[in-house]
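Close look at the chain arrangement
One letter stands for each residue in the lines below.
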Amino acid sequence: SRIADHANRGVQSLDVLVDTWLAGVDYLAQTKQQHRQAYGELRKFLGRSPMPSCITPEVAVEFVEERVKRAQWSYATKRRKVNSLIAFWHWLGSRHDVPRGFNPWLGFRLGTKGAAKSRTRKKRAYTMDELQRLLAVRPQYPGLADVIVLGLLTGARLEEICALRQRDVRCDRDGVWFVNIPKAKTQAGVRVLAVCHSAAVAVLGRRCAKRSSGDAQVFPEF
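Only a predicted model underlies this, so the values are computations on that prediction, with no experimental measurement involved. (Residues numbered from 1 in each chain as written. Predicted model: local features only at pLDDT ≥ 70, side-chain atom pairs only at ≥ 80, totals over all residues. Heavy atoms only, no water.)

All right, on to the overall build of the chain then. If you tally the helices and strands in the chain, you get ten helices and three strands. Listing the helices and strands of the chain from first to last along the sequence gives α-α-α-α-α-α-α-α-α-β-β-β-α. For the chain, whose C-alpha radius of gyration is 22 Å, the value lies well above the compact-globule estimate of 17 Å for 222 residues. In terms of its C-alpha atoms, the chain occupies a principal-axis envelope of roughly 70 × 45 × 35 Å. Looking at the 222 residues of the chain, the share that counts as buried comes to 34%. Per element, the accessible surface of the chain, about 14300 Å² overall, is 53% carbon and sulfur. (Helix = DSSP H or I, 4+ residues; strand = E, 2+ residues; numbered from the N terminus. Rg over C-alpha atoms; globule rule 2.2 N^0.38 Å. Buried < 20%, exposed > 50% of the residue type's maximum accessible area, 1.4 Å probe, protein only. Areas by Shrake-Rupley, 256 points an atom, 1.4 Å probe, with all protein chains shown as cover.)

A word on the packing of aromatic side chains. Under the criterion given, the structure shown has nine aromatic pairs. Their ring planes at 85° and their centres at 5.8 Å tell us that F63 and W105 sit as a pair that is edge-to-face. Taken together, the residues F63 in helix 4 (residues 57–68) and W105 in the loop between helix 5 (75–95) and helix 6 (113–119) connect sequence positions 42 residues apart. Overall, the relative accessible area of 3% leaves F63 in the buried class. For W105, a relative accessible area of 0% translates into the label buried. Between Y141 and F222, the ring centres sit 5.4 Å apart and the planes meet at 35°, which makes this aromatic pair tilted. Pair noted here: Y141 is in the loop between helix 7 (128–136) and helix 8 (144–154) and F222 is in the segment after helix 10 (198–207), with a separation of 81 residues, a long-range link. The positively charged end of K81 is found above the aromatic ring belonging to W73, 4.9 Å away from the centroid. (Phe/Tyr/Trp six-rings, centres within 6.5 Å; stacked < 30°, edge-to-face > 60°. Lys NZ or Arg CZ within 6 Å of the ring centre and 35° of its normal.)

With that settled, consider the pairing of strand 2 (residues 177–181). Burial of the side chains of strand 2 is restricted to one face: W177, V179 and I181 are buried, whereas none of F178 and N180 on the reverse face is. Relative to strand 2, strand 1 (residues 169–171) is paired through three bridges, and the arrangement is antiparallel. Residue pairing across strands places V169 opposite V179, the latter belonging to strand 2. If you look at the hairpin formed by strand 1 and strand 2, you'll find five residues sitting between the two strands, and G175 has a positive phi there, around 85°. Across five bridges, the pairing between strand 2 and strand 3 (residues 191–195) is antiparallel. Across the sheet, the residue bridging to N180 is V192, located in strand 3. (Pairing = 2+ DSSP bridges.)

Here we come to the environment of V61. Mapped onto the secondary structure, V61 falls in helix 4. Residues V61 and W105 lie 44 residues apart in sequence; the distance between their C-alpha atoms is 8.2 Å.

The next point concerns a nonpolar patch on the surface. A contiguous nonpolar surface patch, about 460 Å² in accessible area, is contributed by Y126, L134, L135, L152 and L153. Contributing elements (two or more residues each) for the nonpolar patch: helix 7 and helix 8. Structurally, Y126 can be placed in the loop between helix 6 and helix 7. For Y126, a relative accessible area of 55% corresponds to the exposed category. (Patch = residues over 30% accessible without salt bridge, like charges linked within 9 Å, V, L, I, M, F, W, Y side chains within 5 Å. Salt bridge = Lys/Arg side-chain N within 4 Å of Asp/Glu carboxyl O.)

Printed below as a string of structure tokens:
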């Protein structure tokens, strides 16, 4: 019966299969988006919707050498994109859409973390046009929009913001909010931030309006 079902399913393109894969796995929305982006890079490189049999070891080598290694991405981003394809092909093998155990994305060396970091472009500030496009559409992941606003207007790391407890945030009589960062990657990162921009104040006011306890997270979604 299972063999018949597999035969009746027919050969599907990777465009269809990646949707089926991500619809059936229990990943965070952000993780699914990263997997989809990694596949999107492969599809863009090939210029068409490929079938599973089209991705040979030679094609994988060409994609990694010509696209991944030459991209101005950090080492971590390059590794994450290749790992996404590894996971996708593992799933394909479990369904026998590709031969079981066949995974052309395994074994690639992407250089060292230090070397990759040194080749990346220097960071710059967002332009106003980029900020408007970034903030024009509210992210689907709950709480992410508020985190983006605070990250933009305080300069705090996203993990620092997501880790905030209610006791770390207070408002003085003049309406200025203070955010205490009690833990950071370095001792110099332990600091108190004054927050007075109206957009950031609105986020903190809404998040701290009903304090349940000092230990409660400001961003319980994370």
